[in-house]
Amino acid sequence: MDSRFVRATIRHLVTVIFLGICMMWIMAPTNTYLQKWRPSISKKVVSTYFGTQAPSMLIWTFPVLFVASLGSLYLHLGKNSNQDASKSNEKKHRRALWRKPVLVKGPLGIVSGIELALSIMFIALLVWSLVTYLRRLHTITPKEAAKEGVKVWEMKLCYVAVWIGLTGNVCLAFLFYPVARGSSVLPLLGLTSEGSIKYHIWLGHMTMVLFTIHGICYIIYWAVTGNISEVINVLYYIITRQNLKGNISLLSFFFIFFWSSFFSLVLTLHMLKWSHSHISNVAGEIALLGGLGLWAATFPQIRRKTFELFFYAHHLYIIFVFFFILHVGIDYTFIMLPGFYLFIVDRYLRFLQSRTSVRLLSARLLPCNVVELNFAKTHGLTYNPTSIMFVNVPSISKLQWHPFTVSSNSNMEPDKLSVIIKSEGSWSTKLHQMLSSPIERLDVSIEGPYGPQSNHFLRHDTIVMVSGGSGITPFISIIRELIFRSKISQCKTPDMILIAVFKSSLDLTMLDLLLPMTGSPSDLSNLKLHIEAYVTKEKEPTTDNSKRVRSILFKPLPTDKPMAPILGPNSWFWLAAIISSSFIMFLILIGIITRFYIYPRDHNKYEFSASTKAVLNVLAICVSIAATASAAVFWNKKQYSREATQVQNIEGQAPLGSPNLRAYNGDRELESLPHQSLAQATKVHYGGRPDLKRMLFERKGESVGVLVCGPKKLRHDVAAICSSGLADNLHFESISFSW
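In this text, all values refer to a predicted model and were calculated from it rather than measured experimentally.

Trainee: I'm lost on the overall build of the protein in this one. Help?
Mentor: On a plain count of helices and strands, the protein comes out with 24 helices and 17 strands. For the protein, the proportion of its 739 residues judged to be buried stands at 52%. Considering only residue pairs separated by 6 or more positions, the protein has 78% of its internal contacts joining residues 24 or more positions apart. Of the accessible surface of the protein, which amounts to about 35500 Å², a share of 62% is contributed by carbon and sulfur atoms.

Structure, rendered in structure tokens:
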């Protein structure tokens, strides 16, 4: 069967299921859903094998995991026939207007038109849900409140707290999709993991705001229903009476202490109520405290100054999610479970990949405190430009993982993968210090690489790349990809302009990384590349002969392995198999547990311990994912172990030294040997910054892709120019990390 027909069928099926899920989210808060749909589904679905949680699994969890599995198959079928954007000229400008920046310097950063539209739609969904719930307040009567032993306004406060929590759960349901790096959901939407982090940040803030209000409302409710008014009246009477006398006796202090202790005890008994078969207050409070601790460490003032605190505090998500499940029960957890399920699959695969110590071939130290690490890899590991990889050096920190852009090209360098690291933070500075001293070996673990599914930048006639400092690293991979394509006669490459802004002359040595170590002067002969380099803090070129390029060859251990895809070359196919088979295994396990352990004691009457039931479900999910993912990884490991053995015998090549960059004839020409072709394409300017508006508006092509990576101000300036409306042919894209 034609793969294009299968892909089209899957795409339409996914669209139908997605629209159905959206309709369910819209209808869920309404009385129509609660009074007609849900009871009707429950009568037909509830069984002795899955119990009362069956409707939630059928409505919320199964469709999303089914879409994720189909999406993985869709990506697998399209991998061999990678359809670059350059082949679809008729679709080149279809979404250009939506992708242009609309908000540039607001609190949300750079926001495109489609992001703004979807954000407004999502907020409208939250408002719709909350308003739909609040419209039921008029149904609360004094008679119903009297049955509960509370006043009408107190009962309304309790219901408002519940409904705010339900609205917050909508945000929680989407929270984990952006951080599932290897999931098929993001590529289906044309997103990358690093570009989606901002959505995770937005959803995280909304989730914690709603859950915090939910918790505060309940604390107020517990306080007022615990006779706090009588306590306050007694305390006020004692204090005012004693103040009239001008003194406070020991007996008065005793009464104040007694009534304060009594109030605290009453309030604590309400808050520490762990229901056997219903909502657990204690679990909710622990989840909220874990979430607040995580949330506090995410604010920019803390995250930028103490990244380690932010990193370690983020592991509180385990406490938050686990006690959230105990708080609401497993039946309601299936609403947020799909995103977290895919995150667990991705997280476990990353864990298995990070257990292997990869083979580090060599390192190149540039005078500008930049390090290039070169790893051995198998031919089956392929990736597209602008991909990222997470690196861990146990000798610096066993827990810290830092993302870096992959600078090598899998077509030009099939046996090697390179990343470039600039010494800017404490971790990268320690790494540079370690490599600056005599060293024969360095243990390194990796996760990834992760990147776009297509070379989307090829759809443009002209590419303008604007970089600031180490922001040049993503563009190195793009230029190397176009160097490879320029050698293929059938491929037409776009014109390229690189505008690189540096602080000092030493930083110019980063331009020599544009060519791979095996590059030759003729590599750029067929490439239309023009480089404008700006040195902002120097009026004229300076040389420092004491700082030279150093090359280091490492002596790896026999246990070191070349980098390889954790699920082999057909990773998307195996991911679909893991998602589907693990969910089937979970259904089998939980069916056996329910039929032979839970049902005989409960008979679907909500009398079985809700916490025990939730823990059993969580264990079944973890066991299912661990078993299926481990089996898939083990099978693929056996398949590519022979190739890994061949690559392991490759000796690391010593990197070429960086040529000495010197300017002559003013500040307009750059000469470097042996990379003469690179020197001819480069102009260096000293003592000023580029006139970005003029340089961008001068581009007269029909479609000009403007890619920017660097400091926040640089990204905002370029986005403002592209969104000004003065040039319709400029298409902005930021590829900087958002975290």
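After that view, the rundown keeps rolling.
Trainee: Is there a simple way to think about the packing of helix 3 (residues 54–79) against helix 20 (residues 571–602) in this case?
Mentor: In a packed pair of helices, the relevant descriptors are the angle between the two axes and the axis-to-axis distance. In the contact formed by helix 3 and helix 20, the axes pass within 7 Å of each other and the chain directions differ by 160°. Of the possible angle classes, the one that applies to helix 3 and helix 20 is roughly antiparallel. Helix 20 is crossed by helix 3, and the crossing has left-handed handedness. Residues Met57, Thr61, Phe62, Leu65, Ala68, Ser69, Ser72, Leu73, Leu75, His76 and Lys79 of helix 3 pack against Ser571, Trp572, Phe573, Leu575, Ala576, Ile579, Ser580, Phe583, Phe586 and Leu587 of helix 20. Of the residues belonging to the contact of helix 3 with helix 20, the class tally is 14 nonpolar, six polar and one charged.

Trainee: When you look at helix 5 (residues 113–134) in this model, what are you seeing that I'm missing?
Mentor: Along an α-helix, residues three or four positions apart point the same way, because every turn accommodates 3.6 residues. For helix 5, spanning 22 residues, the distance from its first C-alpha to its last is 31 Å, which sits close to the expected 32 Å at 1.5 Å a residue. Among all positions of helix 5, only Gly113, Glu115, Phe122, Leu125, Leu126, Ser129, Thr132 and Tyr133 are buried.

Trainee: Would you explain the pairing of strand 9 (residues 462–468) in this entry?
Mentor: In the case of a regular strand, side chains alternate between the two sheet surfaces. Most of strand 9 is tucked away: seven of the seven residues are buried. Along strand 9, one buried face is formed by Thr462, Val464, Val466 and Gly468 and the opposite face, lined by Ile463, Met465 and Ser467, is buried too. Relative to strand 10 (residues 495–502), strand 9 is paired through seven bridges, and the arrangement is parallel. Counterpart to serine 467 in the pairing with strand 10 is alanine 500. Where strand 9 lies against strand 16 (residues 704–709), six bridges are found, and the strand directions are parallel. Residue pairing across strands places threonine 462 opposite valine 704, the latter belonging to strand 16.

Trainee: In this structure, what is going on with the packing of aromatic side chains? I would like to understand it.
Mentor: How two aromatic rings sit relative to each other is given by the distance of their centres and the angle of their planes. Applying the stated rule across the entire model yields 28 aromatic pairs. Each ring, one from phenylalanine 176 and one from phenylalanine 343, has its centre 5.4 Å from the other, and the planes form 45°; the classification is tilted. Highlighted residues: phenylalanine 176 in the loop between helix 7 (152–175) and helix 8 (185–188) and phenylalanine 343 in helix 17 (residues 337–354), separated in sequence by 167 residues. Each ring, one from phenylalanine 390 and one from tyrosine 450, has its centre 6.3 Å from the other, and the planes form 70°; the classification is edge-to-face. Here phenylalanine 390, found in strand 5 (residues 388–392), pairs with tyrosine 450, found in strand 8 (residues 445–450); they are 60 residues apart in sequence, far enough to count as distant. According to the relative accessible area criterion, phenylalanine 390 is buried, its value standing at 5%. Taken together, the ring pairs connect Trp25, Trp60, Phe122, Phe174 and Tyr177 into an aromatic cluster. Just above the ring of phenylalanine 390 sits the side chain of arginine 181; from NZ or CZ to the centre is 3.7 Å. Over the aromatic face of tyrosine 49 sits the side chain of arginine 595, whose NZ or CZ is 6.0 Å from the ring centroid.

Trainee: Got a minute to help me understand the side chain of histidine 200 in this structure?
Mentor: Counting through the fold element by element, histidine 200 comes out in helix 9 (residues 197–224). Its relative accessible area of 16% is what places histidine 200 among the buried residues. Ignoring any residue separated from it by four or fewer positions in sequence, one finds histidine 200 in contact with Leu175, Pro178, Val179 and His314.

Trainee: Is there a simple way to explain the pattern of salt bridges in this structure?
Mentor: Applying the stated criterion across every chain yields a total of 16 salt bridges. Two residues, glutamate 481 and arginine 485, come together in a salt bridge whose shortest N-O distance is 2.8 Å. With glutamate 481 and arginine 485 both in helix 19 (residues 473–486) and four residues apart, the pair spans about one turn of that helix. In this pair, the class of glutamate 481 matches that of arginine 485, namely buried. With a closest N to O distance of 3.0 Å, glutamate 698 and arginine 694 form a salt bridge. The class for glutamate 698 is partly exposed, based on a relative accessible area of 38%. One network of salt bridges, in which partners are shared, links Arg181, Asp346, Arg350 and Glu447.

Trainee: How do you make sense of the state of the cysteines when you look at a structure like this?
Mentor: In protein chemistry, a disulfide is the covalent bond that joins the sulfur atoms of two cysteines. Evaluated as defined, the whole model comprises zero disulfides. Considering cysteine sulfurs only, cysteine 217 is the nearest to cysteine 158, which forms no disulfide, with 10.0 Å between them. Cysteine 158 sits in the buried class, given a relative accessible area of 18%.

Trainee: Looking at this structure, how should I read the pairing of strand 6 (residues 402–405)?
Mentor: Burial of the side chains of strand 6 extends over both faces: His402 and Phe404 are buried on one face and Pro403 and Thr405 on the other. When strand 5 meets strand 6, the two strands line up antiparallel, connected through four bridges. Each residue of the ladder has a partner; that of valine 391, found in strand 6, is histidine 402.

Trainee: How do you make sense of the side chain of serine 410 when you look at a structure like this?
Mentor: Counting through the fold element by element, serine 410 comes out in the loop between strand 6 and strand 7 (416–422). At a separation of 3.2 Å, a polar atom in the side chain of serine 410 contacts the main-chain carbonyl oxygen of tyrosine 383. Discounting chain neighbours no more than four positions away, the residues touching serine 410 are Lys377, Leu381, Thr382 and Tyr383.

Trainee: For this particular structure, what's the right way to read the environment of leucine 130?
Mentor: Position of leucine 130 among the secondary structure elements: in helix 5. A relative accessible area of 24% places leucine 130 in the partly exposed class. Separated by 35 residues in sequence, leucine 130 and glycine 165 have C-alpha atoms that sit 9.6 Å apart. Those residues in contact with leucine 130, other than ones at most four positions away along the chain, are Trp163, Ile164 and Thr167.

Trainee: Would you explain helix 20 in this entry?
Mentor: For helix 20, the principal kink sits at threonine 594 and spans about 45°. At the exit of helix 20 stands histidine 603, carrying a positive phi of roughly 55°.

Trainee: What should I look at first to understand the sheet that holds strand 11 (residues 529–535) in this one?
Mentor: Adjacent strands of a sheet form backbone hydrogen bonds with each other and so pair up, either parallel or antiparallel. Reading across the sheet, the six strands line up as 15-11-10-9-16-17 and stay open at both edges, with parallel pairing between neighbours. The strands lining the two open edges of the sheet, one partner per strand, are strand 15 (682–686) and strand 17 (730–734). Each strand of the sheet is rotated relative to its neighbour by a mean of 15°, with strand direction disregarded. For strand 10 and strand 11, the ladder comprises seven bridges, and the chain directions are parallel. Bridge pairing in strand 11 places alanine 500 opposite alanine 533.

Trainee: How should I be thinking about the sheet that holds strand 5 in this particular structure?
Mentor: Taken together, the three strands give an open sheet; going across it, the order is 6-5-8, and neighbouring strands pair in antiparallel fashion. The two strands at the open ends of the sheet, each matched to only one other strand, are strand 6 and strand 8. Taking the axes of each pair of neighbouring strands and ignoring which way they run, one obtains an average angle of 25° across the sheet.

Trainee: Please explain the environment of tyrosine 221 as it appears in this structure.
Mentor: Here tyrosine 221 shows up in helix 9. Taking the relative accessible area as the measure of exposure, tyrosine 221 reaches 15% and is therefore buried. For tyrosine 221 and lysine 156, which are 65 residues apart along the polypeptide, the C-alpha to C-alpha distance reads 9.7 Å.

Calculation criteria
- Residues numbered from 1 in each chain as written.
- Predicted model: local features only at pLDDT ≥ 70, side-chain atom pairs only at ≥ 80, totals over all residues.
- Heavy atoms only, no water.
- Helix = DSSP H or I, 4+ residues; strand = E, 2+ residues; numbered from the N terminus.
- Buried < 20%, exposed > 50% of the residue type's maximum accessible area, 1.4 Å probe, protein only.
- Contact = heavy atoms within 4.5 Å.
- Areas by Shrake-Rupley, 256 points an atom, 1.4 Å probe, with all protein chains shown as cover.
- Axes fitted to C-alpha atoms, helices over the stretch in contact; angles between N-to-C directions.
- Parallel < 35°, antiparallel > 145°, perpendicular 65-115°, else oblique.
- Left-handed = near helix turned anticlockwise from the far one by under 90°.
- Nonpolar A, V, L, I, M, F, W, Y, C, P; charged D, E, K, R; others polar.
- Expected span 1.5 Å × (residues − 1).
- Pairing = 2+ DSSP bridges.
- Phe/Tyr/Trp six-rings, centres within 6.5 Å; stacked < 30°, edge-to-face > 60°.
- Lys NZ or Arg CZ within 6 Å of the ring centre and 35° of its normal.
- Salt bridge = Lys/Arg side-chain N within 4 Å of Asp/Glu carboxyl O.
- Disulfide = S-S within 2.5 Å.
- Polar contact = N/O pair within 3.5 Å; in protein donor to acceptor, adjacent residues only side chain to side chain.
- Bend = angle between axes of the 7 residues up to and from the residue.

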